[in-house]
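Secondary and tertiary structure notes
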Amino acid sequence: MSLTAEQLRRFGEDGFLVVENVLDRTRTLDPLIAEYEAVLDRLWQGWVRAGALEPGDAGGGFEERIVKAYTAGLEYFQPMDISLPPGSITEETPFHAGPAVFAMMTDDRLLDVVEAIIGPEITSNPIQHVRIKPPAVDLRDDELRAHIAATDWHQDRAVTLEEADDTRMVTAWVAVSDATVENGCLQVIPGSHRGAMIPHCPEAGQVGIPARMMAGREARPLPVGAGGVVLFHPLTIHGSLSNRSQSVRWSFDIRYNVTGEPTGRPMFPSFVARSARAPETVLRDPHAWRRMWEAARSRLAQQETTTIHRWSPDAAHCA
Ligand SMILES: O=C(O)CCC(=O)C(=O)O
Ligand SMILES: [Fe+2]
């Protein structure tokens, strides 16, 4: 699967592209969902053992368990995320770097569309997350985390360090459940990638573009079916809607850059996902990938804090 000339032209013009049916349901999505069910099952057993949940409470299916865990104040996000968090990291900081996630990130059909945009020397960039978002009605009023509630307007370039300001990269936003306007799909400002990087501000638990910089811009929501992907440029302004549905909205956002260029998060591990020039450098072992993250965690546990972006709330543009 590749992109047509017309799709590439639209990506160049708009700064984003919706591609339906990239990931195969039985080959890629089902194993991914099964892997996360197992992760949640282990978490659940731990919560029961710790007395945070009633022993008899099976919780129901995946979605019911997510909502129940959230409502009980149990932290499900970080143990399911495919990255370490910013700030303080310890040897015990949980994350999930499972084989089905690795298979999704290195999926041939996905890499084909990425190759159409950044070429055949592809590095998996470590700026990556899972987003499993409960219905907004179930969220606490003060819930502001972008992996759980709606995401504020931002450019992905702004969540890299300066070293990656010239890196050729692309974000692939992968829908695991159908993403709809109602359940909080991605939204973008078409054509915004042709502008410069806008100063961002750390505020309200996220890093976002100050509201006055968003005035007069027209947003486009991007619904996409499960297995579909939204590709976008690192300067494309985007965010996501809040989940007004009754069910959980689930996506991954992963990134790729041209091999050899700075990832923008050098303290986290990247790997070669595809290479025409040096195919022997491609990482094929999911366990080696997990060990890279474990090694990064041990390293980062030695330091007080891990900083992942350049923005200060004290900057003049944030006043
Ligand atoms: O899914 C979301 O809420 C936001 C995703 C995002 O910011 C990204 O994919 O870069
Ligand atoms: Fe983003």
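Positions within a chain are numbered from 1, following the residues in the order the chain's sequence is written. The order in which chains are written sets their letters, starting at A; the order in which ligands are written sets their numbers, starting at 1. Residues qualify for local features only when their pLDDT is at least 70, as the model is predicted, and side-chain atom pairs are given and counted only at 80 or more; totals for whole chains, interfaces and linings, by contrast, use all residues. Only hydrogens and water are set aside; all other atoms, that is, all heavy atoms of the structure, feed into the side-chain values.

1. A closer look at the overall build of the protein chain
- Tallying secondary structure elements over the protein chain gives 7 helices and 11 strands in all.
- In this description the radius of gyration comes from C-alpha coordinates, and the expected globular size is given by 2.2 Å times residues to the power 0.38. Here the C-alpha radius of gyration of the protein chain, 19 Å, is about what a compact globule of 319 residues would show, namely 20 Å.
- With the principal axes as the frame, the protein chain shows a C-alpha extent of 55 × 50 × 40 Å.
- The buried label applies to any residue whose accessible area, calculated with a 1.4 Å probe on protein chains only, is under 20% of its type's maximum; exposed applies above 50%, and partly exposed to all values in between. Each of the 319 residues in the protein chain was classed as buried or not, and the buried ones make up 56%.
- Any two residues having at least one pair of non-hydrogen atoms within 4.5 Å are treated as being in contact. In the protein chain, once contacts between residues fewer than 6 apart in sequence are set aside, the share between residues at least 24 apart is 82%. A run of DSSP states H or I qualifies as a helix once it reaches four residues; a run of E qualifies as a strand once it reaches two. Both are numbered from the N-terminal end.

2. Observations regarding the layout of surface pockets
- Cavity means a closed set of points on a 1 Å grid over the protein atoms alone, one where a 1.4 Å probe fits but cannot get out, pocket means an open set with protein on both sides within 12 Å along at least 5 of 7 lines, and lining means a residue has an atom within 4 Å of a point. Grid points are joined across faces, edges and corners, and a volume is the space filled by probe spheres set on the points. A volume near 610 Å³ is recorded for the largest pocket.
- Lining the largest pocket are 27 residues, with Pro86, Ala146, His147, Gly205 and Ile308 sitting closest to its centre.
- Of all the secondary-structure elements, those providing two or more residues to the lining of the largest pocket are α4 (77–80), β2 (122–133), β5 (201–203) and β6 (206–208).
- When residues in the lining of the largest pocket are grouped by element, the largest group, 3 residues, is from β2.
- Classes in brief: Ala, Val, Leu, Ile, Met, Phe, Trp, Tyr, Cys and Pro nonpolar; Asp, Glu, Lys and Arg charged; the others, Gly included, polar. Of the residues in the lining of the largest pocket, the class split is 11 nonpolar, 8 polar and 8 charged.
- Volume-wise, the second largest pocket comes out at about 160 Å³.
- Every residue lining the second largest pocket is listed: Val39, Arg42, Leu43, Pro79, Pro94, Phe95 and His96.
- At 3 residues, the largest contribution of residues to the lining of the second largest pocket is made by helix α2 (residues 25–49).
- Grouping the amino acids of the lining of the second largest pocket by side-chain chemistry returns 5 nonpolar, 1 polar and 1 charged.

3. Here's the deal with the site of ligand 1
- The rule for a residue being near a molecule or strand is that one of its heavy atoms must lie within 4 Å of it. Close to ligand 1 lie 14 residues, the nearest being Lys133, Thr151, Trp173, Ser240 and Arg255.
- Within the side chain of Lys133, an N or O atom sits 2.6 Å from an oxygen atom of ligand 1.
- Polar contacts, as counted here, are pairs of nitrogen or oxygen atoms within 3.5 Å of one another; within protein the pair requires one atom able to donate a hydrogen and one able to accept it, and residues that are adjacent in sequence qualify only if both atoms are side-chain atoms. Residue His154 places a side-chain N or O atom 3.0 Å away from an oxygen atom belonging to ligand 1.
- Shrake-Rupley sampling with a 1.4 Å probe provides the accessible areas, and residues are treated as covered by the protein chains on show and by no other component. Against a free-state accessible area of 300 Å², the protein chains account for coverage of 99% of ligand 1.

4. Comments concerning helix α3 (residues 62–71)
- Within the span of α3, buried status applies to Phe62, Arg65, Ile66, Val67, Ala69 and Tyr70.
- Those residues of α3 that are buried are in contact with α2, α4, β2 and β10 (249–258).
- One or two residues past the end of α3 sits Gly73, with phi positive at roughly 80°.

5. Thoughts on the state of the cysteines
- Count a disulfide wherever a pair of cysteine sulfur atoms falls within 2.5 Å. Applying the stated criterion across every chain yields a total of 1 disulfide.
- The disulfide bridge from Cys201 ends at Cys318, spanning 2.1 Å between sulfur atoms. An S-S torsion of about -100° defines the bridge between Cys201 and Cys318 as left-handed. Of this pair, Cys201 sits in strand β5 while Cys318 sits in the segment after α7 (286–300), and the two are 117 residues apart along the sequence. With respect to class, Cys201 is no different from Cys318; both count as buried.

6. Focus on empty space enclosed by the protein
- Taken as a whole, this structure holds 1 cavity of 30 Å³ or more when the rule is applied.
- Counted as a void, the largest cavity has a volume near 80 Å³.
- Residue assignment for the lining of the largest cavity shows that the elements contributing at least two residues are β2, β9 (238–240) and β10.
- Here the lining of the largest cavity is built from residues that sort into 3 nonpolar, 5 polar and 6 charged.

7. Digging into the environment of Gln246
- Tracing the sequence through the fold places Gln246 in the loop between β9 and β10.
- For Gln246, a relative accessible area of 70% translates into the label exposed.
- In this structure the C-alpha to C-alpha distance between Gln246 and Val18, which are 228 residues apart in sequence, comes to 24 Å.

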